[in-house]
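One-letter residues, chain by chain:
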Amino acid sequence: MTAAKTPPGLQLPGTQVRLSLDISETADPDHFTFNARPAAGEADRSWDIRGDVYRTEHGLMVKRVEVDTDPSGPAEVTGSLMRQIPIGTILDYVRGRVSATLASDLPETPAAALAVSAGRTAMTDGFLRDVALSYLRETAPGKPQGATRRLAEAYGRPEQTIRTWIARARKEGWLGPSAKGRAGAEPGPRLRAEQ
């Protein structure tokens, strides 16, 4: 079992709160745990959250959340506190950790991008695998928005073509389900089988 830590003081989108987040694998390859709290130096360090994320047929899902507050402090579990806890961001980081080991092996410009010629591209398994890995790398936590645009530049194709390739990689099992309203994915069953 391994644990991965995000960079110290991960800044939560749209807030001034920095978060310390630990993500761990379990003996079950479809089960991950997390522990998060405001980072050192934050004014309010009175809460701690733990939970479980499982891979389902619909992708990674948070299945358990446990919130604790400091019993000696004034904080209590309230609706306001619960709204501060960034479950979606935590899930994005778990998804990124699941993808990181696969995508880190891919060079900045994938071999498939170098081999793409003008005209219709053959959708071979190797090509779709490279597209999936490229997409995972470009949508990893900490990457700026615009993954499709960056891939379009790397492959020398329009963004709509890249979206079609990503959908095909998902359909062929190289990418897992997408997260509704969010860029990114997780490795599909074919990529996971290579691990």
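Residues numbered from 1 in each chain as written. Predicted model: local features only at pLDDT ≥ 70, side-chain atom pairs only at ≥ 80, totals over all residues. Heavy atoms only, no water.

(A) Molecular detail of the overall build of the protein chain. Counting its secondary structure elements, the protein chain contains seven helices and six strands. In the protein chain, the succession of α and β elements from N to C terminus is β-β-β-β-β-β-α-α-α-α-α-α-α. Across the 195 residues that make up the protein chain, the buried fraction comes to 42%. Considering only contacts within the protein chain whose residues lie at least 6 apart along the sequence, 45% involve residues at least 24 apart. Only carbon and sulfur atoms are counted for the fraction: they give 52% of the accessible area of the protein chain, which is about 10,600 Å². (Helix = DSSP H or I, 4+ residues; strand = E, 2+ residues; numbered from the N terminus. Buried < 20%, exposed > 50% of the residue type's maximum accessible area, 1.4 Å probe, protein only. Contact = heavy atoms within 4.5 Å. Areas by Shrake-Rupley, 256 points an atom, 1.4 Å probe, with all protein chains shown as cover.)

(B) Looking closely at the packing of helix α4 (residues 125–138) against helix α6 (residues 159–171). One way to put it is that α4 packs onto α6 with a least axis distance of 9 Å and a crossing angle of 110°. As far as their axial angle goes, α6 and α4 are roughly perpendicular. Here Phe-127, Leu-128, Val-131, Ala-132 and Tyr-135 of α4 lie close against α6, whose contacting residues are Trp-165, Ile-166, Arg-168, Ala-169 and Arg-170. (Axes fitted to C-alpha atoms, helices over the stretch in contact; angles between N-to-C directions. Parallel < 35°, antiparallel > 145°, perpendicular 65-115°, else oblique.)

(C) Just the side chain of Asn-35, in detail. You can see Asn-35 is positioned in strand β4 (residues 31–38). In this structure, Asn-35 is in contact with Ser-20, Leu-21, Asp-22, Asp-48, Ile-49 and Arg-50, ignoring residues within four places of it in sequence.

(D) A look at the packing of helix α5 (residues 147–155) against α6. The geometry of α5 relative to α6 is characterised by a closest axis approach of 9 Å and an angle of 100° between their N-to-C directions. Relative to α6, α5 is oriented roughly perpendicular. Here α5 contributes Thr-148, Arg-149, Leu-151, Ala-152 and Tyr-155 to the contact with α6, which in turn contributes Glu-159, Ile-162, Arg-163, Trp-165 and Ile-166. Taken together, the residues of the contact of α5 with α6 break down into six nonpolar, one polar and three charged. (Nonpolar A, V, L, I, M, F, W, Y, C, P; charged D, E, K, R; others polar.)

(E) How the structure looks around α5. Burial in α5 covers these residues: Ala-147, Thr-148, Arg-150, Leu-151, Ala-152 and Tyr-155. Just beyond α5, the residue with positive phi is Gly-156, at close to 70°.

(F) Layout of the packing of aromatic side chains. All told, the structure shown has three aromatic pairs when counted by the stated rule. With 5.3 Å between their ring centres and 75° between their planes, Tyr-155 and Trp-165 make a pair best called edge-to-face. You can see Tyr-155 sitting in helix α5 and its partner Trp-165 sitting in helix α6, a full ten residues away along the chain. On the basis of relative accessibility, which here comes to 5%, the residue Tyr-155 falls in the buried class. Judged by its relative accessible area of 4%, Trp-165 falls in the buried class. Site record: aromatic cluster; members linked through ring pairs are Phe-127, Tyr-155 and Trp-165. (Phe/Tyr/Trp six-rings, centres within 6.5 Å; stacked < 30°, edge-to-face > 60°.)

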